[in-house]
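# Overview (structure and organization)
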Amino acid sequence: DTGVSQNPRHKITKRGQNVTFRCDPISEHNRLYWYRQTLGQGPEFLTYFQNEAQLEKSRLLSDRFSAERPKGSFSTLEIQRTEQGDSAMYLCASSRGVGQDTEAFFGQGTRLTVV
Amino acid sequence: DQQVKQNSPSLSVQEGRISILNCDYTNSMFDYFLWYKKYPAEGPTFLISISSIKDKNEDGRFTVFLNKSAKHLSLHIVPSQPGDSAVYFCAAIPMDTGRRALTFGSGTRLQVQP
């Protein structure tokens, strides 16, 4: 399978704990995006990378959230001191990153539940 | 403030009939629009897109119409099939700004009855 891969698929954590999610994009894709989706809503943009550079961040990305893409390949999203409001589906997507490409391919997501 | 709105949370149609899903936007900077389909337990998958320089784009059974003056777009599925049952998201992007973040609507759940 050469699609976008996200791990873990599910994560249950206690409030106050830190969590880290991983995303492996499609191998030739230069752009990588993180979105968050809550029940009954569409995905909300968090951040995106062009290769290893983080080019855009949403105001939703509070200082408890940090994303990295160290070698322009896989990416991690860490949430520190989790809160119940962080419970959501975290989606990763990638795209070729050439010119004005817009078609992003999404992974299956990581569902986070904070108890 | 929702910049992309899908005002119908759900839609039910008979197999073989036309499905029409609607989307409105408020940000005049949006100049590229996409539709994604999402099945349960899967990520959204790209369906069809349209640039603001066009008013129609067709791909097989799927056609997207754009009315820029009304800031409205719609997705037509003809004929509808049971396998089309999914949540459909409209998304928009302000391409000319250089930004690449998609702004999504809240989705419309389509159910196609056999």
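An account of the accompanying structure is given in this report. From a predicted model like this one, the values you see are computed outputs, not experimental measurements. (Residues numbered from 1 in each chain as written. Chains lettered and ligands numbered in written order. Predicted model: local features only at pLDDT ≥ 70, side-chain atom pairs only at ≥ 80, totals over all residues. Heavy atoms only, no water.)

Regarding its fold elements, chain B presents zero helices and 11 strands. When the helices and strands of chain B are read in sequence order from the N terminus, they spell out β-β-β-β-β-β-β-β-β-β-β. What you see for chain B is a C-alpha radius of gyration of 14 Å, in line with the 13 Å of a compact globule of 114 residues. C-alpha atoms of chain B, sized along the principal axes, occupy 45 × 30 × 20 Å. In chain B, buried positions account for 47% of the 114 residues. (Helix = DSSP H or I, 4+ residues; strand = E, 2+ residues; numbered from the N terminus. Rg over C-alpha atoms; globule rule 2.2 N^0.38 Å. Buried < 20%, exposed > 50% of the residue type's maximum accessible area, 1.4 Å probe, protein only.)

Membership of the largest hydrophobic core comes to 23 residues, with the highest contact counts inside it found for Phe33(B), Trp35(B), Leu73(B), Leu75(B) and Tyr88(B). Mapped onto this core, the elements with two or more residues apiece are strand S3 (19-25), strand S4 (32-38), strand S5 (45-51), strand S7 (62-67), strand S8 (72-77), strand S9 (86-93) and strand S11 (108-113) of chain B. Sort the elements by how many residues they give to this core and S9(B) lands first, with four residues. If near-sequence neighbours (up to four positions away) are discounted, Leu75(B) is found in contact with Ser19(B), Ile20(B), Leu21(B), Trp35(B), Leu47(B), Ile48(B), Phe62(B), Thr63(B) and Tyr88(B). Counting residues in each nonpolar core, the second largest holds 20 residues, with Tyr33(A), Tyr35(A), Tyr32(B) and Ala101(B) among its members. (Core = buried A, V, L, I, M, F, W, Y, C linked by side-chain atoms within 4.5 Å. Contact = heavy atoms within 4.5 Å.)

This next bit is on the environment of Gly60(B). Tracing the chain through its elements places Gly60(B) in the loop between strand S6 (56-59) and S7. Counting along the chain gives 18 residues from Gly60(B) to Val78(B), while the straight-line C-alpha distance between them is 8.7 Å.

Among covalent bonds in proteins, the disulfide is the one between the sulfur atoms of two cysteines. All names here are of chain A. Inspection of the entire model under this criterion finds two disulfides over all chains. What pairs with Cys23 in a disulfide is Cys92, and their sulfur atoms sit 1.9 Å apart. On the sign convention where negative is left-handed, the bridge of Cys23 and Cys92, at about -70 degrees about the S-S bond, is left-handed. Of this pair, Cys23 sits in strand S3 (residues 19-24) while Cys92 sits in strand S9 (residues 88-95), placing them 69 residues apart in sequence. Residue classification places Cys92 among the buried positions, given a relative accessible area of 0%. (Disulfide = S-S within 2.5 Å.)

Read these as layout, nothing more, since geometry by itself doesn't imply function.
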